[in-house]
Structures are given as C-alpha cells and as structure tokens.
Amino acid sequence: VVGGLASSVNELIATKHLKDITIRNFGYPDVFVEHGSVDELEKKYGLDEESILKSIKSEIKFRRGKRES
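The shown structure was predicted, so the numbers you read here are calculated from the model rather than taken from an experiment.

Per the stated rule, a full pass over the model turns up three salt bridges. Of the charged contacts in the structure, one is a salt bridge between glutamate 34 and lysine 44, with a shortest N-O distance of 2.4 Å. Taken as a pair, glutamate 34 in the loop between helix 1 (5-15) and helix 2 (38-44) and lysine 44 in helix 2 lie far apart in primary sequence, 10 residues in all. Owing to a relative accessible area of 43%, glutamate 34 belongs among the partly exposed residues under this scheme. Note on lysine 44: relative accessible area 47%, which makes it partly exposed. For glutamate 59, the salt bridge identified is with arginine 63, shortest N-O distance 3.2 Å. Taken together, the residues span about one helical turn, with glutamate 59 and arginine 63 both in helix 3 (residues 49-68) at a distance of four residues.

Shown next as structure tokens:
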C-alpha cells in the first residue's frame with residue numbers, strides 16, 4: 001500500500017488534523033506478487049469483495065462494542 005492512494009488519503013487526514021476517522025487501507029503489499037488470476041490474487045491478499053466486507057463489518061462491530069463499554 002506504500003505510495004498508493006491510501007498514502008495520500010492518510011497524509012491529507014494528518015495534515016488537516018481530522019479526528020475520529022477510521023481508515024482501512026486496502027491494496028497489494030509492497031512485495032513481489034505471485035502470478036495468478038485476478039480472483040486468486042484478490043482473495044489471497046484480502047482484496048476480494050468478501051474479505052473487504054468482512055473487514056468493514058469487523059470494524060463496525062468493534063466500534064459498537066467500544067461505544068457500549
């Protein structure tokens with residue numbers, strides 16, 4: 001995710017001193033990515049629809065639990 005769109009968004013949030021914002025960065029890691037179909041690679045690196053939705057739901061559940069504590 002290094003140097004991608006997420007880096008720019010994170011920098012903007014830091015520069016503007018925005019608070020109470022949760023950022024979840026999704027992207028291929030900064031390593032050699034093996035060959036494979038798009039579907040295989042997205043699943044492997046958690047970039048498929050199911051993995052992203054699971055991550056978002058997990059964050060929402062965590063936030064709700066944190067608020068109720």
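For isoleucine 56, the position within the fold is in helix 3. When its relative accessible area of 40% is taken as the criterion, isoleucine 56 is described as partly exposed.

The next subject is the side chain of glutamate 59. On the basis of relative accessible area, glutamate 59 is assigned to the buried category, the value being 15%. A polar atom in the side chain of glutamate 59 sits 2.4 Å from the side chain of arginine 24. When near neighbours in sequence (up to four residues on either side) are disregarded, glutamate 59 contacts Thr22 and Arg24.

So, about the confidence of the model for the protein. Per-residue confidence for the protein gives a mean pLDDT of 89; residues scoring 70 or more make up 97%. By mean pLDDT, helix 3 is the weakest element of the protein at 89, and helix 2 is the strongest at 96.

Rules used throughout
- Residues numbered from 1 in each chain as written.
- Predicted model: local features only at pLDDT ≥ 70, side-chain atom pairs only at ≥ 80, totals over all residues.
- Heavy atoms only, no water.
- Salt bridge = Lys/Arg side-chain N within 4 Å of Asp/Glu carboxyl O.
- Helix = DSSP H or I, 4+ residues; strand = E, 2+ residues; numbered from the N terminus.
- Buried < 20%, exposed > 50% of the residue type's maximum accessible area, 1.4 Å probe, protein only.
- Polar contact = N/O pair within 3.5 Å; in protein donor to acceptor, adjacent residues only side chain to side chain.
- Contact = heavy atoms within 4.5 Å.
- pLDDT = per-residue confidence, 0-100.

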